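Summary of structural features
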Amino acid sequence: MSLKSTIESEIKQAMLNKDKDRLRALRAIKSQILLAETEKGGGGELSEDTEMKLLTKAAKQRKDSIEVFEKQGRDDLAATEKSELAVIESFLPKQLTEEEVEVEVKKVIEEVGASGPQDMGKVMGAATKKLAGKADGKMISTLAKKLLS
């Protein structure tokens, strides 16, 4: 079952349960899917990879918003974003721990033959592709810098 049809059935269930927070998050995801499908050159149905990128982007936006709202003391808005983030994360694959990401980055460094900080681009390109949707880009970057220096 595609992400779009899963989201649509979840929207119906959230409406029946009168779960406004979940419904808002699901509608936001559906909106992003529809926009991606109708984008120039989109070609209708989205691949699973594209769907994961959309969800990852949506989760990152929510995390950034939470950070900003908490700095500004807007706990009400931060709580809304947190509830949406929880819904989005339920559709993403399980996130890897820092230790698991470090092991994967070490493997990537060996695969590309990186020897120092000058090879950061090679490592990041391969690592972000390999860990797409499973780990945060900031974490991958931090670990790659640490391991290459």
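Residues numbered from 1 in each chain as written. Predicted model: local features only at pLDDT ≥ 70, side-chain atom pairs only at ≥ 80, totals over all residues. Heavy atoms only, no water.

1. Describing the packing of helix H2 (residues 20-38) against helix H3 (residues 48-71)
- Where H2 meets H3, the axes come as close as 10 Å, and the angle between the chain directions of the two elements is 130°. Considering their axes alone, H2 and H3 lie oblique with respect to each other. Crossing of H2 over H3 shows right-handed handedness. Taking contact as the criterion, the partners of Ala28, Ile29, Gln32, Ile33 and Ala36 in H2 are, on H3, Leu54, Leu55, Ala58, Gln61 and Arg62.
- Per-class residue counts for the contact of H2 with H3 are seven nonpolar, two polar and one charged. (Axes fitted to C-alpha atoms, helices over the stretch in contact; angles between N-to-C directions. Helix = DSSP H or I, 4+ residues; strand = E, 2+ residues; numbered from the N terminus. Parallel < 35°, antiparallel > 145°, perpendicular 65-115°, else oblique. Left-handed = near helix turned anticlockwise from the far one by under 90°. Contact = heavy atoms within 4.5 Å. Nonpolar A, V, L, I, M, F, W, Y, C, P; charged D, E, K, R; others polar.)

2. Considering the environment of leucine 23
- Here leucine 23 lies in helix H2.
- Leucine 23 sits ten residues away from glutamine 13 along the chain, and the two C-alpha atoms are 8.8 Å apart.
- The contact partners of leucine 23, leaving out residues within four places of it in the chain, are Ile11, Ala14 and Met15.

3. Observations regarding the nonpolar core
- With 21 residues, the main nonpolar core has Ile7, Leu26, Ile29, Ile33, Leu55, Ile88 and Phe91 as its most contacted residues.
- If you list the elements that add at least two residues to this core, you get helix H1 (3-17), H2, H3 and helix H4 (75-89).
- Looking at which element gives the most residues to this core, the answer is H2, with six residues.
- Counting residues in hydrophobic clusters, the runner-up holds 15 residues, among them Val101, Ala114, Val123 and Ala135. (Core = buried A, V, L, I, M, F, W, Y, C linked by side-chain atoms within 4.5 Å. Buried < 20%, exposed > 50% of the residue type's maximum accessible area, 1.4 Å probe, protein only.)

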